[in-house]
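# Fold and geometry: a report
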Amino acid sequence: MNRLFDYIKAALLSGKRIWQQIKDRFSSLLKYQLRNNKPLALLCIAALGLLLFYAARGLHKDAARSDRKLAIPEAHTKILAQEPMYRTVTLFGQTSAAAKIIVVNKYAGMITNVQKDLGDKVSAGDILAQQDLKDINIQISRAEADYKSYDAYTERYDATFHSNYAKYKSDYNLKKTNFDRYTELFKKGAVSKLALDEAEQQMLSAKANLESLTNQKLYDGKPAYVAQRAERAEQRRNTRLLLENQREDMTIRAPRDGVISFRNAEAGNYVQAGAHLFTIVDTSSLNLDCYVSEYDAALLKAGEAVSVFVESLGKKYNGKITFVSPDKNRENKNYMVRVALDKTDDQLKSGMFAKGTLRFMQKDKALFINRSAVLELNGKQYAFVLGEDKKAHRKAIQSGIRNAEDVEIISGLKEGERVVTDNISRMRDGMEVTDLGKKDEEK
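Residues numbered from 1 in each chain as written. Predicted model: local features only at pLDDT ≥ 70, side-chain atom pairs only at ≥ 80, totals over all residues. Heavy atoms only, no water.

According to the stated counting rule, one finds one aromatic pair in the structure shown. Seen in terms of ring centroids, Phe92 and Phe353 are 5.8 Å apart; in terms of plane orientation they differ by 10°. Their pairing is stacked. Taken as a pair, Phe92 in strand S3 (residues 83-104) and Phe353 in strand S16 (residues 353-366) lie far apart in primary sequence, 261 residues in all. Look at Phe353 and you get partly exposed, because its relative accessible area is 48%. (Phe/Tyr/Trp six-rings, centres within 6.5 Å; stacked < 30°, edge-to-face > 60°. Helix = DSSP H or I, 4+ residues; strand = E, 2+ residues; numbered from the N terminus. Buried < 20%, exposed > 50% of the residue type's maximum accessible area, 1.4 Å probe, protein only.)

Quick look at the structure:
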């Protein structure tokens, strides 16, 4: 057993160099132990395995630590200088058509024919589909007959009124003249009082008949009972007009120019009122609708030109901002911006994703570094400066204005210093760094 432990101790001290010797001697020793003390041999084998495992892991860690000590981090750098500082506003969204119209039918009915298909170009007023008109034509004919009947009835009442008025007026004038004559004769004693009273009674009766017509309330110059019949005739006329409008609406027409992008109408189908039959997309002009933060919205104004890149086409299109929302969107808390695009070809379609950028000067001269070059630690900000000794030196800084890419440096750094711009998570004060120079996009 003492010999076995001596071999284990030698293996741990010598490492890999003695591993082969251990294997050879352990084999002969194992055979001896198995012949004399089997349980103890198995225990020794297990202990040896554990010791060798931990020894190998320790050697691996030592090698890794050694490799880390040898590795020198690489980083890009930038020499600080007073430069114009710009803010970039990115506009990203989907293109939208000038209009997208859903065409529905106002009335239920059978479709007798469909005249337009998917992809067809249509003009405003073109017939898209036709509903069955047999029933509505019958209703219009009936309404026309009712209107004519009531209109004729009104005319008859009006004629009767004027005839009665002329008759009652003439009768009253005659009776009044007769009463005036009897009055003169009575004064001369030529007629009796009874005859005078009878003449007066006839005059009053004729006057009452005339006033029954002249004292009626007038509606649009017509007496009440004539106006009542005229109103009934007008109701029948309106009923006919409504039915004619319904017949017109049962001919489904394009409300504007565009292209058929959806069709759900087939001849022979019965459709309920309000069914979605067609969709017409007007792609004569396209817009880019996008949302920006309140900081970006404050910079944008209607009329500003912008170049928009459509990735799916690999093309750029010119555009102009036509609308910046004055109110924040309740859902995403951003502001909507619309860009009218110059559609120069038919490849640009509604629903494509596009991106545009605008640059605004924040400061004509400023010392600034990329935001990736700033290390924030315990509420303070630091940057690493690469010295002539090729080592990174950490410096506390104070920042000023910033944008999506850069941060202005108010204090802590000065013009001409070489600042580490990336890989700062691996930087340590005094660490040697391999300088890769400027980033490609900064050259």
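So, on to the confidence of the model for the protein. Low-pLDDT portions of the prediction should not be read for the details of their coordinates. Here the protein averages 83 in pLDDT, and 80% of its residues register 70 or above. Note on residues 1-5: pLDDT under 50 across the span, and six contacts to partners over four residues away in sequence or across chains. Between residues 66-70, whose pLDDT stays under 50, and residues either more than four places distant or in other chains, the model counts zero contacts. (pLDDT = per-residue confidence, 0-100. Contact = heavy atoms within 4.5 Å.)

Tallied over the entire structure, the rule returns 21 salt bridges. Linking Lys193 and Asp197 is a salt bridge whose minimum nitrogen-to-oxygen distance equals 2.8 Å. Here Asp197 and Lys193 lie together in helix H5 (residues 193-214), a separation of four residues that amounts to about one turn. Overall, the relative accessible area of 45% leaves Lys193 in the partly exposed class. Across the salt bridge formed by Glu244 and Arg240, the nearest N and O atoms sit 3.8 Å from each other. One end of the pair, Glu244, and the other, Arg240, are both in helix H6 (residues 224-249), four residues apart, so they sit about a helical turn from each other. Residue class for Glu244 comes out partly exposed when judged on its relative accessible area of 28%. Classification of Arg240 as buried rests on a relative accessible area of 13%. It is possible to trace a salt-bridge network through shared partners that takes in Glu144, Lys148, Arg240 and Glu244. (Salt bridge = Lys/Arg side-chain N within 4 Å of Asp/Glu carboxyl O.)

We now examine unusual backbone geometry. Not every positive phi belongs to a glycine, and Asn378 is a case in point at roughly 55°. Topologically, Asn378 is positioned in the loop between strand S18 (375-377) and strand S19 (380-386). By relative accessible area, Asn378 is classed as exposed at 74%. With phi around 60°, Asn423 is a residue other than glycine that occupies positive phi space. Tracing the backbone shows Asn423 in the loop between strand S22 (418-420) and strand S23 (431-432).

This paragraph deals with the nonpolar core. Counting 24 residues, the largest nonpolar core has Leu91, Leu300, Val337, Val339, Leu348 and Leu358 as its most contacted members. With five residues, the single largest contributor to this core is strand S12 (residues 276-292). For Leu348, the contacting residues outside a window of four places in its chain are Thr95, Leu286, Val310, Leu313, Tyr317, Leu341 and Lys343. Core analysis: the second largest hydrophobic core is formed by 13 residues, Leu128, Ala265, Val271 and Phe278 among them. (Core = buried A, V, L, I, M, F, W, Y, C linked by side-chain atoms within 4.5 Å.)

Right, let's talk about the pairing of strand S6 (residues 127-131) for a bit. Most of S6 sits out of view: four of its five residues are buried. Alignment of S6 against strand S9 (residues 251-253), held across three bridges, turns out to be antiparallel. When the bridges of S9 are listed, Gln130 appears paired with Thr251. (Pairing = 2+ DSSP bridges.)

Bringing the pairing of strand S13 (residues 305-310) into the picture now. Of the two faces of S13, only one is covered, namely that formed by Val306, Val308 and Val310; the face formed by Ala305, Ser307 and Phe309 stays uncovered. Pairing geometry for S13 and strand S14 (residues 315-324), over six bridges, is antiparallel. Its bridge partner being in S14, Val308 is matched across the sheet by Tyr317. Between S13 and S14, which pair antiparallel and follow one another directly, the connecting turn spans four residues, one of which, Gly314, has a positive phi of 65°.

Now for the sheet that holds strand S4 (residues 109-114). Taking strand neighbours across the sheet as the criterion, the four strands line up as S9-S6-S4-S11 in an open arrangement whose pairing is antiparallel. Of all the strands in the sheet, just S9 and strand S11 (270-271) have a single pairing partner and so form its edges. Pairing analysis gives two bridges linking S4 to S11, with the strands arranged antiparallel. Bridging from a neighbouring strand, Met110 pairs with Tyr270 of S11.

Looking now at the layout of surface pockets. Empty space within the second largest pocket amounts to approximately 330 Å³. Forming the boundary of the second largest pocket are 15 residues, of which Lys121, Val259, Thr283, Ser284 and Lys343 lie nearest the centre. Breaking the lining of the second largest pocket down by element, the ones donating at least two residues are strand S5 (121-122), strand S10 (258-263) and S12. Ranked by residue count, the leading element in the lining of the second largest pocket is S12, at four residues. Considered class by class, the residues forming the lining of the second largest pocket number four nonpolar, five polar and six charged. (1 Å grid on protein atoms, 1.4 Å probe; cavity = no way out; pocket = protein on both sides within 12 Å on 5 of 7 lines; lining within 4 Å. Points joined across faces, edges and corners; volume = space filled by probe spheres on them. Nonpolar A, V, L, I, M, F, W, Y, C, P; charged D, E, K, R; others polar.)

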